[in-house]
Amino acid sequence: MFKNPATVRDIIRVLKNTLAMSGLGILTSWLPMAFAIFLCEIKNMKFRRVVQTLTTVPNFISWVIIFSLAFSLFSTDGLLTSVFTKLTGAEQAQSVLSSKGSVYWFQTFLAQWKTLGWNSIIYLAAIAGIDQQQYEAAKVDGAGYFRCAWHVTVPAMMETYVVLFI
C-alpha cells in the first residue's frame, strides 16, 4: 500500500481532509449551545417556534439532497453563483464548490446548518433543567443577562456539551 506513490498521496490527502474537517467541527462545536441560549431569550413564542422549526428541519433531510441543493445553488452555473456574478459584473463565475480555499468552510457551514437545530434542542433540554434559584441568586448578586448566561447557563450545560462533543 505504501510502495505506490499515488496511493501515498491519496492517503495523505484523505488524512489532511479528515483532520481539517474534524478540526473545523471542533472549532464550531459551541455554536448549537450559543444558539440554544439565544433561542431561550426569544419572548415571542410564535416566532421562537418558527425559528426552531426552520433550524430543525434540515436535520431530517438526507446529505444527498443537501449536497444536490448546494450544487444547484453554488456550482459554476448555479443560481446564487449566477446572480452574484451578474450583480458584481464579474466576467467569469467563481464557484464556491470548486475553490480550494473555501471548500472546508463551505462544508463546515453545511454541517452546522444541517445539525444546528437538532443539537440546540438537546441544549434547550439542558437549559430547562437548570434550577431557577441559581438565576435568582445571580440577579440578587447584581448579574445581568450576560453574566447569568456566562456564570449559570454555560456551566450547567457543560456536561451536555461534553457528551455531544464526544
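Residues numbered from 1 in each chain as written. Predicted model: local features only at pLDDT ≥ 70, side-chain atom pairs only at ≥ 80, totals over all residues. Heavy atoms only, no water.

## What to know about the overall build of the chain
Inference 1: The secondary structure content of the chain amounts to eight helices and zero strands.
Inference 2: In the chain, the succession of helices and strands from N to C terminus is α-α-α-α-α-α-α-α.
Inference 3: The C-alpha atoms of the chain give 21 Å as radius of gyration, which overshoots the globular expectation for 166 residues (15 Å, by more than 25%).
Inference 4: By principal-axis analysis of the C-alpha atoms, the chain measures approximately 65 × 45 × 30 Å.
Inference 5: The proportion of buried residues among the 166 residues of the chain is 29%. (Helix = DSSP H or I, 4+ residues; strand = E, 2+ residues; numbered from the N terminus. Rg over C-alpha atoms; globule rule 2.2 N^0.38 Å. Buried < 20%, exposed > 50% of the residue type's maximum accessible area, 1.4 Å probe, protein only.)

## What about the nonpolar core?
The tendency in soluble globular proteins is for nonpolar side chains to be buried side by side.
Inference 1: Counting 15 residues, the largest nonpolar core has Met33, Ile37, Tyr123 and Met157 as the members making the most contacts within it.
Inference 2: Looking at this core, the elements that each hand over two or more residues are helix 2 (31–40), helix 6 (103–128) and helix 8 (145–165).
Inference 3: Here Met157 is in contact with Met33, Ile37, Tyr123, Ala126 and Ile127, once residues within four sequence places are set aside. (Core = buried A, V, L, I, M, F, W, Y, C linked by side-chain atoms within 4.5 Å. Contact = heavy atoms within 4.5 Å.)

## Things to note about the side chain of Arg48
Inference 1: Relative to the helices and strands, Arg48 resides in helix 3 (residues 45–56).
Inference 2: No salt bridge is formed by the buried Arg48; its nearest oppositely charged neighbour, Glu41, is found at 8.1 Å.
Inference 3: For Arg48, the residues in contact, after removing those within four places along its chain, are Leu39, Cys40, Ile42 and Leu124. (Lys, Arg positive; Asp, Glu negative; His and termini not counted. Salt bridge = Lys/Arg side-chain N within 4 Å of Asp/Glu carboxyl O.)

## Some remarks on the environment of Thr160
Inference 1: Tracing the backbone shows Thr160 in helix 8.
Inference 2: Accessibility expressed as a relative area gives 19% for Thr160, which makes it buried.
Inference 3: Through-space distance from the C-alpha of Thr160 to that of Ile127 is 9.9 Å; in sequence the pair is 33 residues apart.
Inference 4: Not counting chain neighbours up to four residues away, the residues in contact with Thr160 comprise Ile122, Tyr123 and Ala126.

## Looking at the pattern of salt bridges
Inference 1: Taken as a whole and assessed by the stated rule, the structure comprises two salt bridges.
Inference 2: Notably, a salt bridge pairs Lys43 with Glu41, separated by 3.7 Å at the nearest N-O pair.
Inference 3: In this structure Lys43 comes out as exposed when scored by relative accessible area, which is 67%.

Keep in mind these numbers describe shape, not what the thing actually does.
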